[in-house]
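Residue-level listing of the chains:
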Amino acid sequence: MSTILYIKANAKPEGASRTFRISDSFIDAYRQNHPNDQIITLDLYKENIAPITKDDIGAIYSPKTESSRKHPVLKYAYQFAEADKYVIATPLWNLSVPGIVKLYFDYVSVVGITFRYTSGGGVEGMLEGKKAIHITTRGGDYSAPPLSEYELGERYIKTILGLFGVYDTSTFAVDNMDRSGTDVEAVVANAIKDVQEKAKSF
Ligand SMILES: Cc1cc2nc3c(=O)[nH]c(=O)nc-3n(C[C@H](O)[C@H](O)[C@H](O)COP(=O)(O)O)c2cc1C
């Protein structure tokens, strides 16, 4: 049995987000195809993720004990480390992920839980062998240069997962959502079909 952590980040109310319509369909299809797996949904806006404080930084760099699991910040790092697969749903905002995603990864990037320092002074991820899919929608088209160079959200998710040793990652991006002439309903319906297929083998 695998544990899937479904991380959602959008200020829009439930049902109004095109990204979530696609990512929720992925999750529904995954559940149907993997009925014994556990799916944990983490809606970052509902969690009220806030910037880390001076005390949180102290906790992040202190030795971990059994009570660390209950710490309001460290608990997210343990939850992340204990999952086997990640589904991350974010729209593109101002060329990157919504800011709350960065705040969340400040919670998750914890020495001794998701990554460690090596004796040689390097950094080593502690979550090798896990896999992730990032599902995103974007107003414009970032699928090819030169605009693909400006798309920092996809790159950020891949890079931060790499810090933890999660290298088996993919992005499912739907472009041109806000371009005039786009038949958004048709594009979303096609994307849903595609992700339902992907969910079978995820
Ligand atoms: C705050 C904000 C910033 C955005 N920034 C960009 C952007 O930099 N580039 C872009 O192509 N679209 C941008 N968009 C458009 C969204 O990426 C696009 O509408 C996306 O489909 C929204 O997904 P949703 O329906 O799940 O909210 C932005 C939208 C919002 C609300």
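Values in this document were obtained by computation on a predicted structure and should not be read as measured data. (Residues numbered from 1 in each chain as written. Predicted model: local features only at pLDDT ≥ 70, side-chain atom pairs only at ≥ 80, totals over all residues. Heavy atoms only, no water.)

**What about the packing of aromatic side chains?**
Rules: Aromatic pairs are defined between Phe, Tyr and Trp rings, using the six-membered ring for Trp, whenever the two ring centres lie within 6.5 Å; interplanar angles under 30 degrees are classed as stacked, those over 60 as edge-to-face, and all others as tilted. For helices the rule is a DSSP run of H or I covering at least 4 residues; for strands it is a run of E covering at least 2, with both sets numbered from the N terminus onward. Accessible area is worked out with a 1.4 Å probe on protein chains only. A residue is then buried under 20% of its type maximum, exposed over 50%, and partly exposed in between. We call a charge positioned above a ring when the Lys NZ or Arg CZ atom is no farther than 6 Å from the ring centre and deviates by at most 35 degrees from the ring normal.
By the definition in use, this model includes 11 aromatic pairs. Centroid distance Tyr30 to Phe202: 6.1 Å. Interplanar angle 75°. Geometry classified as edge-to-face. Taken together, the positions of Tyr30 in helix H1 (residues 18-33) and Phe202 in the segment after helix H7 (184-201) put the pair 172 residues apart, joining distant regions of the chain. Grouping residues by exposure puts Tyr30 and Phe202 together as buried. Geometrically, the ring pair formed by Phe115 and Tyr117 is edge-to-face, given 5.7 Å between the ring centres and 85° between the ring planes. When its relative accessible area of 6% is taken as the criterion, Phe115 is described as buried. The class for Tyr117 is partly exposed, based on a relative accessible area of 47%. Seen from the ring of Phe20, Lys8 lies directly overhead, with NZ or CZ sitting 4.6 Å from the centre.

**Quick word on the pairing of strand E1 (residues 3-8)**
Short version of the rule: Paired strands, in this sense, are two strands between which DSSP finds at least two bridges. The crossover handedness rule: strands pointing away from the viewer, path from first strand over the helix to second strand clockwise, crossover right-handed.
Of all 6 residues in E1, 6 are buried; the element is thus mostly enclosed. Burial of E1 is two-sided: the residues Thr3, Leu5 and Ile7 facing one way and the residues Ile4, Tyr6 and Lys8 facing the other way are all buried. Sheet topology note: the E1/strand E2 (residues 38-43) ladder contains 6 bridges and is parallel. The residue of E2 that forms the bridge with Thr3 is Gln38. At this point the chain moves from E1, through H1, to the parallel E2, and the crossover so formed is right-handed.

**Details of the packing of H1 against H7**
Helix packing geometry: the angle between the two helix axes and the distance between the axes. Note the cut-off: Between the N-to-C directions of two axes lies an angle of 0 to 180 degrees, each axis being a line fitted to C-alpha atoms and, for a helix, fitted only over the stretch in contact. The cut-offs work like this: below 35 degrees is roughly parallel, past 145 is roughly antiparallel, 65 to 115 is roughly perpendicular, and the gaps in between are oblique. Here a crossing is taken to be left-handed if its near helix is turned anticlockwise relative to the far helix by less than a right angle, and right-handed if that turn runs clockwise. Residue contacts follow a heavy-atom distance rule, with two residues in contact if any of their heavy atoms lie within 4.5 Å.
Packing of H1 against H7 brings their axes to within 8 Å, and their N-to-C directions diverge by 30°. With respect to H7, the element H1 is oriented roughly parallel. The crossing of H1 and H7 is right-handed. Of the residues in H7, those in contact with Arg18, Arg21, Ile22, Ser25, Phe26, Ala29, Tyr30 and Asn33 of H1 are Val184, Glu185, Val188, Ala191, Ile192, Val195, Gln196, Lys198, Ala199 and Lys200.

**Digging into the side chain of Asn10**
For clarity, the cut-off: In the analysis that follows, any N or O atom pair within 3.5 Å is treated as a polar contact, provided that within protein one partner can donate a hydrogen and the other can accept it, and provided that, for residues neighboring in sequence, both atoms belong to side chains.
With respect to the secondary-structure elements, Asn10 resides in the loop between E1 and H1. Here Asn10 falls in the buried class, since its relative accessible area comes to 5%. Within polar-contact distance, the side chain of Asn10 engages the backbone nitrogen of Lys12 at 3.1 Å. Among the polar contacts listed, one links the side chain of Asn10 to the side chain of Ser17, at a separation of 3.2 Å. Setting aside its immediate chain neighbours within four residues, Asn10 contacts Ser17, Phe20, Tyr45, Pro91 and Trp93.

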